[in-house]
Amino acid sequence: VVCEIEGVLTKDLHELHMSAWRQVAAEENLVQPTEYDMKRFVNVKTEQLVSQIFRWTNDKDEIRRLLSRKQQLLLISLKREQRMLIRRETTSFLSHISTMDIPFVLLSQERLTDVQQMLEYISLEKDILQVPMDKNKNINTSLNIITAEDFCYGLPDSECLLQASDILERPFERVVVIASSLHALEAAQELNMRTVMVAGRHKVWELKGADLVVHGLDEISFQNMKNMFHDV
């Protein structure tokens, strides 16, 4: 299983990201990012957002400074909301797939340090690390997270999913991608991976191309994931 963090394990954090970007723009007297750009380029790497989408600066040091400030503002919001941002069924879902000996990789388009801070601030990292792992399986049982440092291009480019397949040591057609973004759906379908889409960020009818559409992780069972592989 390859599982998106935001929108799947956590609730959609789009508004918190948007608020942080807007505050950075106000503090630095920069052009305010538009809602259109933020929704259209939701899976673009943050460095690309600053330089190519917002067109704030191309200076690498300045980009790092702006990203650092944006992350500070985001963490303030995360700390305020804390566990309200975690989907209630997240821990039980991770425990369930581990009990079924299903290896998993977590996926984010953010930087590793930012993801680790986010997971820590909303107390999700502890929940994930407490999930029992089978030490007898031929797979790295440490927590695997693919982040922005691991690929050149964000979704819908399939590079990050190629890496996930390598980590899991499974062919594309034996991988299930659980996501909430249309970009992830597009990338997974390009590689003939199976797809489970969690509605919320998008309407159910927008996700009809997926193998399975659910409203929450508690609607996913071992059997309905197994049914996706009837043709393999």
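Scoring rules and cut-offs
Residues numbered from 1 in each chain as written. Predicted model: local features only at pLDDT ≥ 70, side-chain atom pairs only at ≥ 80, totals over all residues. Heavy atoms only, no water. Pairing = 2+ DSSP bridges. Helix = DSSP H or I, 4+ residues; strand = E, 2+ residues; numbered from the N terminus. Contact = heavy atoms within 4.5 Å. Axes fitted to C-alpha atoms, helices over the stretch in contact; angles between N-to-C directions. Core = buried A, V, L, I, M, F, W, Y, C linked by side-chain atoms within 4.5 Å. Buried < 20%, exposed > 50% of the residue type's maximum accessible area, 1.4 Å probe, protein only. Polar contact = N/O pair within 3.5 Å; in protein donor to acceptor, adjacent residues only side chain to side chain. Arc of directions from axis to C-beta.

(A) Focus on the sheet that holds strand E6 (residues 212-214). Across the sheet, six strands lie side by side as E3-E2-E1-E4-E5-E6; this open sheet has parallel pairing. Both outer strands of the open sheet, strand E3 (145-146) and E6, are each paired with one neighbouring strand and no more. Along the sheet, helix H9 (residues 159-168) makes contact with strand E1 (2-4), strand E2 (105-107), E3 and strand E4 (176-179), crossing E2 at roughly 165 degrees. On top of the sheet, helix H10 (residues 182-190) reaches E1, E4 and strand E5 (194-198); it is set at about 170 degrees to E5, its chief contact.

(B) Layout of the nonpolar core. Grouped together as the largest cluster of nonpolar side chains are 51 residues, with contacts concentrated most on Leu78 and Ile178. Breaking this core down by element, the ones donating at least two residues are helix H1 (5-9), helix H2 (14-28), helix H4 (46-53), helix H5 (60-81), helix H6 (90-99), helix H7 (112-121), E4 and E5. Once you skip the residues sitting within four places of it in the chain, Leu78 turns out to touch Leu13, Leu16, Leu85, Met118, Tyr121 and Ile122. Of all hydrophobic cores here, the second largest spans 23 residues; its members include Val2, Val105, Ala184 and Ala187.

(C) Up close: the side chain of Ser108. In this structure, Ser108 sits in the loop between E2 and H7. Judged by its relative accessible area of 7%, Ser108 is buried. Within the structure, Ser108 has its side chain in polar contact with the backbone nitrogen of Glu110 (distance 3.0 Å). Look past the residues within four positions of Ser108 in its chain and what remains in contact with it is Ile5, Val115, Ile146, Thr147, Ala148 and Phe151.

(D) Structural view of H10. Considered for burial, the residues of H10 that qualify are Ala184, Leu185, Ala187 and Ala188. Looking straight down H10, one finds that the buried residues subtend no more than 165 degrees of arc, so they occupy a single side. As for H10, its buried residues are in contact with E1, H9, E4 and E5. Asn192 lies just past H10 and shows a positive phi near 65 degrees.

(E) The pairing of E4, seen in detail. Because side chains alternate across E4, one face comprises the buried residues Val176 and Ile178, and the other comprises Val177 and Ala179, equally buried. As paired elements, E1 and E4 share two bridges and run parallel to each other. Looking across to E4, one finds that Cys3 is bridged to Ile178. Where E4 lies against E5, four bridges are found, and the strand directions are parallel. Paired with Val176 across the two strands is Arg194, which belongs to E5.

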